[in-house]
Protein chains: 4
Amino acid sequence: MAGNTLGELFRVTNFGESHGPAIGCVIDGCPPGLPLTEADIQIELDRRRPGTSRHVTQRQEPDQVEILSGVYQGVTSGTPIALLIRNQDARSKDYSNIAETFRPGHADYTYWHKFGVRDPRGGGRSSARLTAPTVAAGAVAKLWLKQRFNIRVRGFMSQLGPIPIEFQSWDHVHANPFFAANATQIDELEAYMDQLRKDGDSVGARIDLVAEGVPVGWGEPIYGRLDADIAHAMMGLNAVKGVEIGAGFASVAQRGSEHGDELDPTGFGTNHAGGVLGGITTGQDIRVSIAIKPTSSIRTPRQSIDKAGTPTVVETHGRHDPCVGIRATPVAEGLLAIVLMDQALRHRAQNADVHVDTPAIPAHR
Amino acid sequence: MAGNTLGELFRVTNFGESHGPAIGCVIDGCPPGLPLTEADIQIELDRRRPGTSRHVTQRQEPDQVEILSGVYQGVTSGTPIALLIRNQDARSKDYSNIAETFRPGHADYTYWHKFGVRDPRGGGRSSARLTAPTVAAGAVAKLWLKQRFNIRVRGFMSQLGPIPIEFQSWDHVHANPFFAANATQIDELEAYMDQLRKDGDSVGARIDLVAEGVPVGWGEPIYGRLDADIAHAMMGLNAVKGVEIGAGFASVAQRGSEHGDELDPTGFGTNHAGGVLGGITTGQDIRVSIAIKPTSSIRTPRQSIDKAGTPTVVETHGRHDPCVGIRATPVAEGLLAIVLMDQALRHRAQNADVHVDTPAIPAHR
Amino acid sequence: MAGNTLGELFRVTNFGESHGPAIGCVIDGCPPGLPLTEADIQIELDRRRPGTSRHVTQRQEPDQVEILSGVYQGVTSGTPIALLIRNQDARSKDYSNIAETFRPGHADYTYWHKFGVRDPRGGGRSSARLTAPTVAAGAVAKLWLKQRFNIRVRGFMSQLGPIPIEFQSWDHVHANPFFAANATQIDELEAYMDQLRKDGDSVGARIDLVAEGVPVGWGEPIYGRLDADIAHAMMGLNAVKGVEIGAGFASVAQRGSEHGDELDPTGFGTNHAGGVLGGITTGQDIRVSIAIKPTSSIRTPRQSIDKAGTPTVVETHGRHDPCVGIRATPVAEGLLAIVLMDQALRHRAQNADVHVDTPAIPAHR
Amino acid sequence: MAGNTLGELFRVTNFGESHGPAIGCVIDGCPPGLPLTEADIQIELDRRRPGTSRHVTQRQEPDQVEILSGVYQGVTSGTPIALLIRNQDARSKDYSNIAETFRPGHADYTYWHKFGVRDPRGGGRSSARLTAPTVAAGAVAKLWLKQRFNIRVRGFMSQLGPIPIEFQSWDHVHANPFFAANATQIDELEAYMDQLRKDGDSVGARIDLVAEGVPVGWGEPIYGRLDADIAHAMMGLNAVKGVEIGAGFASVAQRGSEHGDELDPTGFGTNHAGGVLGGITTGQDIRVSIAIKPTSSIRTPRQSIDKAGTPTVVETHGRHDPCVGIRATPVAEGLLAIVLMDQALRHRAQNADVHVDTPAIPAHR
C-alpha cells in the first residue's frame with residue numbers, strides 16, 4: 001500500500017504539499033444518510049487554523065474547505081467525499097536559505113534520500129499543514145459517531161514542556177490557545193511561550209484524548225486491535241514520539257492486583273485499561289495520551305550538512321510554531337474519530353449477528 | 001480487513017487458539033532465494049518457549065515448528081510459507097472455574113461481547129500463546145534482513161516492575177531468564193519474582209528494542225510511516241499499553257535545541273529521533289521502548305461479574321506468568337523485524353530508482 | 001499485496017505446493033455462530049477429488065481436510081479458520097524428464113522467470129491441485145450464504161470441446177462425471193473423451209454458474225463492483241481464458257431495446273444483465289459463464305526450449321487430466337460463493353442502515 | 001475496502017458524481033522522477049471527450065484536468081497526485097422525467113436499493129462520466145510504462161453491433177470516431193449509427209487491447225494473477241459484460257495440440273495465451289477483448305416501475321451515447337496500463353533479486 005491512505009472500511013486518502021496548489025483528502029466508505037455540510041467541517045478546521053493566536057505560526061491560511069463530491073441535498077450519498085482546501089499564503093522566499101541544507105530533527109534529510117526530490121518550500125509533504133485534511137475527515141467521522149452511537153471524542157493539552165496542566169473542566173478547552181482544560185494556569189503558560197519565542201527555541205507537549213460512549217466489542221484481534229490502530233494513527237501524526245493507552249508506562253511498575261479494573265453491575269471501578277482489553281473496547285472511556293516532540297525549525301544555530309554532504313550550520317527563520325503541540329489537539333481528536341469509525345464499520349461487517357444476554361457494564365459507577 | 005493479517009507486502013496471517021489442534025501462520029511475500037530451515041525458526045521459538053525457567057508459565061509445550069510450504073530444497077520459493085505448531089499440553093481442567101466468569105483486566109469480557117462465543121480454555125485466541133507464530137514469522141524476517149541488508153534486530157528488558165535494569169552488554173541477554181542486558185542485577189530480579197509468586201500477584205515490565213543497520217529512506221508518509229507501523233505492531237502485542245520511539249515521552253519537556261539530533265559527515269551526534277524522522281528511517285539505530293502491563297490472571301481475589309451479570313469474585317489458579325513481560329522480548333524483536341521487512345519491500349517497489357549523491361550519514365560517530 | 005489472498009472482509013489465504021507436505025488455506029472474517037464440521041467441507045472436496053472417474057487424473061489423493069482452528073464446539077468462533085490437507089500420493093518420478101524443459105502453454109516458463117526456482121514436480125504451485133483449498137473455503141461460504149440468506153450457488157458444464165450440452169435439470173449434475181445438467185448426451189461425451197485420451201490430446205470446456213436468492217444491493221462501485229470481483233476470481237482460476245456475465249459477448253450485437261431487462265412488480269422479464277447492473281446485484285439470478293482452455297500437459301510432441309534456451313521437443317507422460325474443465329465446476333462454485341460472501345459483509349458494513357420503501361422486484365415472474 | 005480504489009501499489013482512488021462540482025482521482029504510488037504535465041494527461045482525456053463527433057453524447061464538457069499535487073518542477077515527487085476535472089455543462093432539466101422511475105438495464109434501480117439516495121441527474125456516480133478520472137490516471141501509467149520499460153498499450157474497436165471491423169493498421173485508429181484500426185469500413189459504420197439514432201435505439205461493441213513490450217514474469221499467483229487483475233479492471237468498466245484473454249472463448253473448442261503456444265529461441269509461434277500463462281506474463285503481447293453492452297438510455301419505450309413499485313413506461317430523452325462502446329477504447333487502454341503498472345511495482349518489490357540465465361523468448365518470430 002502506498003502509504004497515503006488510512007483505514008480499511010472508512011478510508012481517508014490524503015494529498016497535497018504545503019506550497020502546492022491545494023491539499024485535501026478523499027473519504028471512501030462513509031455510509032449514506034449522514035447530514036453533512038461544509039460548515040460542519042469548517043468548525044473543526046478553524047480550531048486548527050494557523051494565525052489564530054500569537055503562539056502559532058503566523059502564516060495566514062483561511063483553510064476554506066470545499067466539498068467536491070459525495071454529498072447530495074445536504075446528505076452523504078455513500079459515494080466518495082472529496083474535500084479540497086486551496087493553499088493561499090505560500091511565501092516561498094522565506095525558505096530560500098534552506099534549499100540546500102538539512103535541518104536537524106526535520107524530515108528534510110530523510111525525504112531527500114527516499115524521494116530524490118527536494119521541495120524545500122515549507123517542508124513539502126512533511127509539513128504539519130498536511131494535518132488539515134485529516135482534521136476535515138475527522139470532522140465527518142465525529143459527526144457519524146455522534147449521530148449513530150452518541151460517541152463523543154475530545155482532547156486537551158495535559159502538559160506543556162515541563163509544566164503539567166491540571167484538568168479542571170472540558171468547558172475551558174475552547175477558551176485558551178492551548179486547548180488546556182484549565183482556567184488558572186493560562187498566564188503561566190503564556191509567559192512560558194513568550195520566553196520561548198524570545199529564546200528562538202521550541203518545546204514539546206503532551207495531549208490527552210478521551211472517547212466516551214464507545215460500545216463494548218470494537219476491535220479485531222489479533223493484528224487489527226483497536227489500540228494498535230489508535231497507536232498507528234497517533235504515532236503517524238507529525239512530531240509524535242510516544243503513545244499510551246490507559247495507564248500507559250505507569251503499568252510497568254503496577255501490580256496486577258492494582259492494574260486490573262474491577263467491575264460490578266454498576267460499572268467499572270477504575271480505568272487503567274484505557275477502555276481497551278485484548279484489543280477490544282470494554283465500554284469504558286477510551287483514554288489515549290501522546291508525546292509531541294519540540295519543533296525542529298528554530299532560530300538557534302544547529303550543526304548539520306548540505307546536499308553535497310559538507311558540514312554547515314542551519315538557522316531557520318520565517319513563520320514557525322514554537323510548539324507544534326499547541327495545534328495538535330484537534331488533529332489527534334480527528335484521528336481518534338477516524339479510527340473508531342473504521343472499527344465501527346468493521347465490527348458491523350463481522351459481528352452484526354452476535355447477541356449475548358450479558359448486560360454491557362456501564363463505563364462509570 | 002479481518003484483523004488477523006499483519007503487513008502489506010510481507011504479510012503474516014496468524015491462526016489458532018490456545019487449546020485448539022494447532023496454531024501457526026502463513027507468510028506471504030517472502031522473496032525467493034532465502035535459505036530457510038525449520039531449525040532457523042526453532043531457535044527463535046525456543047527463546048520464547050514456556051517452561052524454560054521457574055519464572056514463566058509451567059505449561060510444557062515443545063512448540064516444534066513444521067514448514068508446510070514455501071521452501072524447496074532448503075530455499076524459499078517465493079510462494080507462501082505455512083508454519084504449523086501443534087498444541088500438545090492443554091490441561092483444560094484448570095480453567096473450569098472461570099468458564100462463567102470474567103477476569104478483571106482480561107479479554108474474557110470483551111471477547112464474549114464481540115464474538116458471542118466463550119472459549120475459556122487458556123484464553124482461546126486472546127492467549128499470549130498466539131505470539132508463537134509471530135515469533136516464527138519474525139525469525140524469517142530477521143534472516144532476510146540480515147542476509148540482504150546486514151540488519152540486526154535485538155531487544156532487552158530495561159525495567160522489571162519498579163526496578164530499572166542497567167544496560168551493560170548485549171552478551172548478557174541470553175544468560176538470564178529476563179533477557180536483561182545485565183549481569184549484576186539478576187539475583188535482585190530473581191528475588192523480586194519469587195516474592196511476587198508468593199504474593200500471588202503480578203507486575204509489568206519495559207522492553208527496549210534496537211535495530212542496527214537500517215538504511216536511510218524506509219517508511220511511507222503520511223499514513224504508512226515506519227514509526228506508525230512499529231507502534232501498530234507493538235501496541236498490538238498482548239499486554240502492551242505504551243510505545244515510545246527514541247526520546248519518547250521525554251520529548252515533551254525537551255527543547256528543540258536539545259532534541260534535534262545534529263549531524264556532520266562523520267555521523268549523528270545523538271539519537272533522540274530513535275532512527276525515524278518524518279516517518280522515514282535516518283540510518284540511525286531504530287530505538288523503541290514498550291510498556292507491558294501486569295498479567296490479569298492472578299491468585300488475588302478480584303471483584304467481577306459472571307455471564308449473567310451477577311457480581312462475583314474471581315481467583316485464577318493454574319499455570320500463569322507472573323510477569324508476561326519476561327517472555328516478550330523475542331516476540332517484540334520478531335514484530336520489529338516483520339515491520340522492517342514489510343517496509344523494505346515497499347521501499348523497493350516505490351523508490352528503487354531513486355539515487356541521490358548526498359552520502360548517507362553513518363549512525364554513530 | 002502478495003497475491004495469495006482473495007477477498008477483503010471474507011479473506012482466503014491459500015498455501016501449499018502440489019508435492020510439498022501439505023496444502024490448505026486460512027479463512028479470516030467468517031462471522032461467529034455458523035455451524036461447521038469437517039464433513040461439511042469434505043462433501044465439496046470429494047466432488048472435486050481426483051481419481052473419481054476415468055476421465056480425470058489418476059493420482060489418488062484422499063484430500064482429507066482437517067480443521068486446525070476457528071471452530072469451537074461445532075460452531076465458528078469468529079477467529080481464523082485454518083484448513084489443512086496433507087499430500088499423500090506424490091509420484092515425483094513421473095516428472096523427471098521435464099525438469100529442464102518448459103511445456104508449451106504451461107506456467108513452467110513464467111514461474112521460472114518470476115521466481116528463479118523451478119519445482120518441476122507436478123507443477124509446484126501452478127498445479128490445479130491448489131484449487132482444493134479454494135473449494136474448502138468455498139464450502140464455508142456456501143454454508144453461510146445458505147443459512148444467512150438462503151442463497152444457492154450451483155454450476156454445470158455447458159460445453160465440452162465442440163459439443164454444446166443442453167441444460168435439462170439440476171438433478172442430473174451429480175449423476176455423471178462431467179457435472180452436466182443433462183441425462184441424454186453422456187454417452188456421446190464419454191466417447192469423445194475416450195477418443196481424446198487415445199489421441200494423447202486435450203480439449204477445453206465451458207462452465208456456467210448460477211447464484212439464486214442474492215438480495216438486491218450487493219457490490220461496491222466503481223472499482224469494487226460485484227461483477228468485477230467475479231471476473232477477477234474466475235479469470236484467476238487455473239486455465240480460464242474468458243468470463244461472461246449474463247448475455248456476455250452476445251451483448252455486442254444486441255440492441256438496447258432487446259438487451260435491457262424490463263421489470264414490473266411481478267418480476268424481471270429477461271436476464272441479460274446476469275443479475276448485475278452498475279456493478280450491483282438486482283435480485284435476479286447471477287449468471288456467469290467461463291471458458292477453460294485445453295490442458296498443456298499432453299502426449300503430443302510439442303516444440304519448446306530448455307532452461308539453457310536450447311530448442312527441444314516436449315512430451316508429457318504421467319497422470320493428467322485430458323480436460324481440466326471436468327473438475328472445474330466445484331471450484332468455480334466455491335469462488336462465486338467466496339466473492340458473494342465477501343460482498344455481503346462489505347454491504348453490511350457500509351449500507352446496513354439503508355432502508356427504502358420500494359419493494360425488491362422478484363427474480364422471476 | 002470501500003470500493004473506489006483500484007490497485008495495490010499503484011493506487012487510483014476515484015471520486016465525483018456526474019453533476020456534482022467536480023470529478024477526479026488521487027493516484028498514490030507513482031514513483032518519483034517521472035516527467036509529467038497537465039498536457040500529457042489532457043491528450044488522453046481529449047480522446048475520450050464527449051461532443052467530439054455526432055455519434056457520441058452531445059454534452060459539452062471541456063474536461064480540463066488540473067494537477068493539484070504530486071508534481072514539482074515538472075516531475076513527479078513520489079507523493080500522491082491529485083487530478084481534478086470540474087463539471088461545466090450539467091443540464092439537469094433533461095432528467096426530470098426519470099427522477100421517480102428506474103430505467104431498465106440501468107443502474108438506477110440497484111443504486112436506489114443500495115444507497116437509499118437517488119441522484120437522478122445524469123446517473124450520478126453510475127454515469128460513464130466517471131471514466132474520465134480513470135483515463136487521467138491511465139495516462140500517468142502509460143507514461144511510466146513507456147519510459148521505464150518501453151511498453152506500449154493500445155486498443156481498437158473490433159466489432160460494432162453485428163459488424164466485425166477488420167484490423168488493417170494502427171495508423172487508422174485516430175482517424176475515425178470509432179477507434180477502428182480500419183480505413184475502408186468507416187462509411188458503413190457511420191450509416192449504421194445514423195440509422196440507430198433514427199430508431200432511438202442503441203447497440204453494443206467489442207474492443208480489443210494490446211500491450212507490447214511487457215517483460216516476462218509479472219503477475220502474482222494464485223489470486224493476484226495478472227489476467228485476474230485485468231479481468232477485474234475490465235469487467236468493472238461501465239457496460240462491460242465479458243472479458244477474454246488471448247483465444248478467450250475460442251479455447252473451449254480448441255485442442256491442447258493447437259492451443260498451447262510453441263516456442264523456440266527466436267520467439268513464440270502463436271499467441272493463444274494472450275501473453276499470460278499461469279497468471280504471469282510470458283513476454284508475448286498481452287491481448288484482451290471486451291464485450292460492451294448496448295446503452296440502457298434509449299428513446300424506445302420500455303416497461304419498468306417507479307419508486308413506489310408501480311408499473312410505468314420509461315423513455316429517455318436528452319443527450320446520450322447510442323453506443324457507449326465508441327468512447328470505451330481510451331478508457332480500456334487506461335485500465336490496462338494501470339493494472340500493468342501496479343503489477344510492475346509488485347514484481348519489483350518481491351522479485352527484484354531474481355536472476356535466471358535462461359534468455360527471455362522474444363514475443364514474435
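The structure displayed is predicted, hence computed values, not measured ones.

(A) Structural detail: the overall build of chain A. Within chain A one finds seven helices and 18 strands. Over its C-alpha atoms chain A spans a radius of gyration of 21 Å, differing by no more than 12% from the 21 Å that the globule rule assigns to 365 residues. Counting only C-alpha atoms and orienting by the principal axes, one finds that chain A spans roughly 70 × 50 × 40 Å. Counting every position in chain A, which comprises 365 residues, the buried fraction comes to 71%. Considering only intrachain contacts with a sequence separation of at least 6, the fraction spanning at least 24 residues in chain A is 71%. Approximately 10,500 Å² of chain A is accessible, and the part contributed by carbon and sulfur atoms is 50%. Each charge sign in chain A was given a centre, from 36 positive and 41 negative side chains, and these centres are 5 Å apart.

(B) Expanded view of the interface of chain D and chain B. With 13 residues of chain D in contact, the opposing surface of chain B contributes 13 residues. Carbon and sulfur atoms supply 47% of the area buried between chain D and chain B, which totals about 1,200 Å² over both sides. At the junction of chain D with chain B, the criterion picks out four salt bridges. R348(B) is paired through a salt bridge with D353(D); the nearest N and O atoms lie 2.9 Å apart. Our count for the contact surface shared by chain D and chain B stands at 11 residue pairs in polar contact (both at pLDDT 80 or more). The element contributing the most residues to the side of chain D that touches chain B is helix α7 (residues 328-351) of chain D, with five residues. Tallied by class, the residues present in the side of chain D that touches chain B amount to seven nonpolar, three polar and three charged.

(C) Broad picture of the UniProt feature "binding site: FMN" (unreviewed entry) in chain A. All names here are of chain A. UniProt tags R125, S126, S127, N238, A239, G278, K293, P294, T295, S296, S297 and R319 as "binding site: FMN" (unreviewed entry). With respect to the secondary-structure elements, S296 resides in the loop between β16 (286-292) and β17 (302-305). At 2.5 Å, the side chain of S296 and the backbone oxygen of G105 are in polar contact. On the basis of relative accessible area, S297 is assigned to the buried category, the value being 9%. Of the polar contacts made by the side chain of S297, one reaches the side chain of R103; its length is 3.1 Å.

(D) Representation of the relation of the copies chain C and chain D within the structure. Expressed as a screw transformation, the operator carrying chain C onto chain D has a rotation angle of 180° and an axial translation of 0.0 Å, and the superposed copies differ by an RMSD of 0.0 Å. Look at the turn and shift together and you get a two-fold axis relating the two. Closest to the rotation axis within chain C is the C-alpha of H232(C), separated from it by 2.3 Å.

(E) Structural view of the interface of chain C and chain D. Contact with chain C, which involves 117 residues of that partner, is made by 117 residues of chain D. For the chain C and chain D pair, buried surface summed over both sides reaches about 9,400 Å², with 59% attributable to carbon and sulfur atoms. Looking only at chain C, the three residues that lose the most surface to chain D are K114(C), Y223(C) and K241(C), adding up to 10% of its buried area. The interface formed by chain C and chain D contains six salt bridges. A salt bridge links D199(C) to R255(D); the shortest N-O distance between them is 2.9 Å. Viewed at the interface, chain D and chain C are joined by 65 residue pairs in polar contact (both at pLDDT 80 or more). No other element matches helix α2 (residues 108-115) of chain C, which puts seven residues into the side of chain C that touches chain D. Split by residue class, the side of chain C that touches chain D holds 52 nonpolar, 42 polar and 23 charged. Relative to strand β11 (residues 240-245) of chain D, strand β11 (residues 240-245) of chain C is paired through three bridges, and the arrangement is antiparallel. Bridged to G242(C) within β11(D) is E244(D).

(F) Just the sheet that holds strand β1 (residues 5-6) of chain D, in detail. All names here are of chain D. Strand order in the open sheet formed by five strands is β1-β2-β3-β7-β4, and the pairing between neighbours is antiparallel. Strands with a single pairing partner mark the edges of an open sheet, and in this sheet they are β1 and β4 (65-67). Note: β1 against strand β2 (residues 11-16), two bridges, orientation antiparallel. Each residue of the ladder has a partner; that of L6, found in β2, is V12. Across the face of the sheet, helix α1 (residues 38-48) comes into contact with β4 and β7 (81-86) while running at roughly 150° to β4.

(G) Layout of the relation of the copies chain D and chain B. Laying chain D over chain B is done by rotating through 180° and shifting 0.0 Å along the axis; what remains is an RMSD of 0.0 Å. Interface overlap between copies: 100% of the residues of chain D at the interface are likewise at the interface in chain B, consistent with a symmetric, same-surface contact.

(H) Main features of the UniProt feature "binding site: NADP(+)" (unreviewed entry) in chain A. All names here are of chain A. When the UniProt feature table is mapped to this numbering, "binding site: NADP(+)" (unreviewed entry) covers R48 and R54. Within the fold, R48 resides in helix α1 (residues 38-48). The class for R48 is buried, based on a relative accessible area of 2%. Non-local contacts of R48, meaning those with residues more than four positions away in its chain, are made with D63, A128, R129, T131, A132, V135, R327, P330 and V331.

(I) Broad picture of the environment of Q303(A). Within the secondary structure layout, Q303(A) lies in strand β17. Q303(A) has contacts with P104(A), T312(A), E262(B), L263(B), D264(B) and R365(B), leaving out every residue within four places of it along the chain.

(J) Representation of the pairing of strand β18 (residues 311-314) of chain D in the model. Residues and elements named next belong to chain D. Looking at chain direction, strand β17 (residues 302-305) and β18 are connected through four bridges and run antiparallel. Opposite I305, over in β18, you have P311 as the bridge partner. Counting the residues that bridge the hairpin from β17 to β18 gives five residues, and of these G309 lies at a positive phi of roughly 90°.

(K) Inspection of the pattern of salt bridges at higher detail. Applying the stated rule across the entire model yields 80 salt bridges over all chains. As a salt-bridge pair, R154(B) and E212(B) come within 2.7 Å of each other at their nearest N and O atoms. In this pair, R154(B) sits in strand β8 (residues 152-160) while E212(B) sits in strand β10 (residues 205-212), placing the two residues 58 residues apart along the sequence. The residue E220(D) makes a salt bridge to R346(D) at a minimum N-O spacing of 2.9 Å. Placement of E220(D) in the loop between β10 (205-212) and α5 (226-235) and of R346(D) in helix α7 is noted, with a sequence separation of 126 residues between them. When its relative accessible area of 5% is taken as the criterion, E220(D) is described as buried.

(L) Main features of the environment of R327(D). All names here are of chain D. In this structure, R327 sits in the loop between β18 and α7. Given the relative accessible area of 11%, R327 is considered buried. On a C-alpha basis, the gap between R327 and P177 in space is 8.5 Å, while along the polypeptide they are 150 residues apart.

(M) Summary view of the environment of R125(C). Position of R125(C) among the secondary structure elements: in the loop between α2 and α3 (132-149). Once you skip the residues sitting within four places of it in the chain, R125(C) turns out to touch T79(B), P80(B), N4(C), N14(C), F15(C), G16(C), E17(C), Y111(C), L130(C) and I222(D). A distance of 2.8 Å separates a polar atom in the side chain of R125(C) from the backbone oxygen of N14(C). A polar contact is formed between the side chain of R125(C) and the backbone oxygen of G16(C), at a distance of 2.6 Å.

(N) Just the pairing of strand β7 (residues 81-86) of chain B, in detail. All names here are of chain B. Of all six residues making up β7, five are buried, and the element is well covered by its neighbours. As paired elements, strand β4 (residues 65-67) and β7 share three bridges and run antiparallel to each other. Within β7, the position partnered with I67 by the bridge is L83.

(O) A look at helix α2 (residues 108-115) of chain D. Here α2(D) lies mainly inside the structure; eight of its eight residues are buried. Within the sequence span of α2(D), burial applies to D108(D), Y109(D), T110(D), Y111(D), W112(D), H113(D), K114(D) and F115(D). Elements in contact with the buried residues of α2(D): β12 (263-264), β13 (267-268), β14 (276-277), β15 (280-281) and α7 (328-351) of chain C together with β17 of chain D. Following α2(D) by one or two positions, G116(D) adopts a phi angle in the positive range, close to 65°.

(P) Focus on the packing of aromatic side chains. Per the counting criterion, the structure on display carries 34 aromatic pairs over all chains. When the centroid spacing of 6.0 Å and the interplanar angle of 75° are considered together, the rings of F268(A) and Y109(B) count as edge-to-face. Placement of the pair is F268(A) in strand β13 (residues 267-268) and Y109(B) in helix α2 (residues 108-115), with the two residues belonging to separate chains. Per residue, the accessibility class of F268(A) equals that of Y109(B), and both read buried. An aromatic cluster is built from F102(A), Y109(A) and F268(B), whose rings are joined through pairwise contacts.

Conventions used here
The numbers attached to residues start from 1 for each chain and follow its sequence in the written order. Labels follow written order: the first chain is A, the first ligand is 1, and so on. This being a predicted model, a pLDDT of at least 70 is required before a residue's local features are given, and a value of 80 or more before pairs of side-chain atoms are given or counted; all residues contribute to the totals for chains, interfaces and linings. Excluded from the side-chain calculations are hydrogens and water; all other atoms, namely the structure's heavy atoms, are used. A run of DSSP states H or I qualifies as a helix once it reaches four residues; a run of E qualifies as a strand once it reaches two. Both are numbered from the N-terminal end. When we talk radius of gyration, it's over C-alpha atoms, and the globule rule is simply 2.2 Å times the number of residues to the 0.38. The cut-offs for exposure are 20% and 50% of the maximum accessible area for each residue type, with area from a 1.4 Å probe on protein chains only; residues under the lower value are buried, those over the upper are exposed, and the others partly exposed. By definition in these notes, contact holds between two residues if any of their heavy atoms fall within 4.5 Å. With residues, only the protein chains shown are counted as cover, and all accessible areas are computed by Shrake-Rupley using a 1.4 Å probe. All tallies of charge rest on Lys and Arg as positive and Asp and Glu as negative; His and the ends of each chain are not included. Here the site of a charge means atom NZ of a Lys, CZ of an Arg, CG of an Asp or CD of a Glu. We define buried area as the total accessible area lost by two parts upon association, computed with a 1.4 Å probe and summed across both. The rule for a salt bridge is simple: a side-chain nitrogen of Lys or Arg has to be within 4 Å of a carboxyl oxygen of Asp or Glu. Two N or O atoms form a polar contact when they lie within 3.5 Å of each other; inside protein one atom must be a possible hydrogen donor and the other a possible acceptor, and for residues adjacent in sequence the pair counts only when both atoms belong to side chains. Put simply, Ala, Val, Leu, Ile, Met, Phe, Trp, Tyr, Cys and Pro go in the nonpolar bin, Asp, Glu, Lys and Arg in the charged bin, and everything else, Gly too, in the polar bin. UniProt positions are given in the numbering used here, feature names are shortened, and annotations may be inferred rather than shown by experiment. In this comparison the copies share one frame, found by least squares on the C-alpha atoms of residues holding pLDDT of at least 70 in both. Two strands are said to pair when DSSP picks up at least two bridges between them. Angular values range over 0 to 180 degrees, each being the angle between N-to-C directions of two axes fitted as lines to C-alpha atoms, with helices fitted over their stretch in contact. Only the six-membered ring of Trp is used, alongside the rings of Phe and Tyr, when aromatic pairs are assigned; centres must lie within 6.5 Å, and planes under 30 degrees apart are stacked while those over 60 apart are edge-to-face, with the rest tilted.

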